[in-house]
Amino acid sequence: MSLWKRLPGPTKRCFRKIFFGRFGNKEPAGPMRRPFRFHSVSPSSLPMLRLDPGSEVFRVPPSRKMAAAEDELLLPRLPELFETSKQLLDEVEVATEPTGSRIVQDKVFKGLDLLEKAAEMLSQLDLFSRNEDLEEISSTDLKYLLVPAFQGALAMKQVNPSKRLDHLQWAREHFINYLTQCHYYHVAEFQLPKTKNNSAESNTASTSMAYPSLVAMASQRQAKIERYKQKKEMEHRLSALKSAVESGQADDERVREYYLLHLRRWIGISLEEIESIDQELKILREKDSSKEASTSYSSRRDRPPMKPFVLTRDMAQAKVFGAGYPSLATMTVNDWYDQRRKYGALPDPGIAKTTPAEFKKAAQQQEDQEQKEEEDDEKALQRAREWDDWKDTHPRGYGNRQNMG
C-alpha cells in the first residue's frame, strides 16, 4: 500500500490545493497519476502559505500493522535475551554477597524472566527439530540449547523456604529437559537420570535391597571422578577459545567447538545438580512426613480414653466357651491385697510382735556371740605375739642351710 492511499481525505485535498491550485497546475483525474511540476514561486507569495506542521493536515494516524511493527522493533531480540541472561547468571555465580540478598535475588528474577521470554521465542521460531541431526544445526544456534540449563541453574538460586520444594522440582524439570535434548542430539555419551515415569518402575527393585551394593557405589564414584576430569579439561579448552570467539576472529569450526564444549560442560553440571536435588527432595519430604506424623500423634493424644471391649462371634458362644483368650483384669493388685487382708487371710503389715521369752532368748544369743568373738580375738593376738618372738630369735633362712654348717 502506497503512502498516498494511507493519507486521510482532508490531507489529500489540502495537498492537491497546495500543489495544483496555487502553483498553476490543474488537478489530475486520479490521485497522483502524474509527477509534480513545481514552478518558481516569488518570495512574496510564501507568507500566504501559513501551514502549521503540527496541525491535523500533516498528522497521519498510524494503522494497527504499523503499531505492531513498531512494538516488534522495540522488543529485544533472541541473541540479546540470551547474552543478558548468561551475563546475569555469571554475576550471580561469582557474587560475593549472600545468595539471599536483595541484589542477587533481583538478578535471579530478572534472568529467569529473560530466559522465559527466550524459551517462548525459541518455541515460536521452532529452531530445533527432532527431524534433524546435530550437524544440521548451525554453529551460532547451538548456544540456544543451553536455555533450559540456565533456567535450572537460576531456579536453584531462589531462596524461599516455603516454596523450596516447588523450586527444586521446577529446576529438576529444566535440567532433565536439557539433558534429554543433548541425549537426543548425541552431544555426549551419558545416562539419563530417572524421571517420574521410570522411577516408579524401579521402586520395587530398590526397596528389595536394604543397602546399595558396593559395585554400584564404586561405579558412581568412578563416574564422578571421570566427570570432574572432563570438566577441568573442558574449562581449560574453553578459556583458550573464549577470546577468539568473543572477538569474532574465530572461524566457524572453532565457534562450533566452543559451543559444543559449553554443552558438554553443562551436561556434567546438570547431572551433579540433579543428584543434589534428589537428596534435598528426600530430606524435605521426610521432614514433611515427620511433621504430619507428629500432628496426628498429638491429635490422638487429645482424644478421651476408650473403654476396652471384646469382639466375639456369638454372645452365647462367648458365655459358654469364653472369648478364646485370657480375659481382661477386673481388679488391681492393691485391691486384691486389701480384700485378702480384710478376710484375715494375710497378716497385717508392720513389725511382728514378740513375747518376753523370745526377746530374752535373743538377747542371750547375742551376748554369747559377742563373748565368742572376744575369745577368738585374744587367741589370735597371742599367736601373733609368739610368732613375732620366734622371728626375733630365728633369722630368715635359719635351719635351711643345705648342710653348709
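This report concerns the structure included in the present document. (Residues numbered from 1 in each chain as written. Predicted model: local features only at pLDDT ≥ 70, side-chain atom pairs only at ≥ 80, totals over all residues. Heavy atoms only, no water.)

1. Remarks on the overall build of the protein
Move 1: Tallying secondary structure elements over the protein gives 14 helices and zero strands in all.
Move 2: The helix and strand sequence of the protein, counted from the amino end, reads α-α-α-α-α-α-α-α-α-α-α-α-α-α.
Move 3: Residue burial in the protein is summarised as follows: out of 405 residues, 22% are buried.
Move 4: Across the protein, contacts joining residues at least 24 apart in sequence account for 63% of those joining residues at least 6 apart.
Move 5: Accessible surface, the protein: about 32,000 Å² in total, of which carbon and sulfur atoms supply 54%. (Helix = DSSP H or I, 4+ residues; strand = E, 2+ residues; numbered from the N terminus. Buried < 20%, exposed > 50% of the residue type's maximum accessible area, 1.4 Å probe, protein only. Contact = heavy atoms within 4.5 Å. Areas by Shrake-Rupley, 256 points an atom, 1.4 Å probe, with all protein chains shown as cover.)

2. Here we look at the pattern of salt bridges
Move 1: Here the structure, examined in full by the defined rule, presents 13 salt bridges.
Move 2: For the salt bridge of Glu80 with Arg77, the shortest nitrogen-to-oxygen distance reads 3.9 Å.
Move 3: Across the pair Arg102 and Asp106 runs a salt bridge whose closest N-O atoms are separated by 3.5 Å. One end of the pair is Arg102 and the other is Asp106, both in helix H5 (residues 102–125) and four residues apart, which spans about a single turn.
Move 4: Through salt bridges with shared partners, a single network forms among Lys224, Arg227 and Glu275. (Salt bridge = Lys/Arg side-chain N within 4 Å of Asp/Glu carboxyl O.)

3. As for the packing of helix H4 (residues 78–93) against helix H6 (residues 147–156)
Move 1: One can describe the packing of H4 onto H6 by two numbers: an axis separation of 11 Å at closest approach and a directional angle of 35 degrees. The handedness of the crossing between H4 and H6 comes out as left-handed. In this structure, H4 uses Phe82, Lys86 and Leu89 to contact H6, whose residues at the interface are Val147, Phe150, Ala153 and Leu154.
Move 2: Of the residues assigned to the contact of H4 with H6, the class counts are six nonpolar, no polar and one charged. (Axes fitted to C-alpha atoms, helices over the stretch in contact; angles between N-to-C directions. Left-handed = near helix turned anticlockwise from the far one by under 90°. Nonpolar A, V, L, I, M, F, W, Y, C, P; charged D, E, K, R; others polar.)

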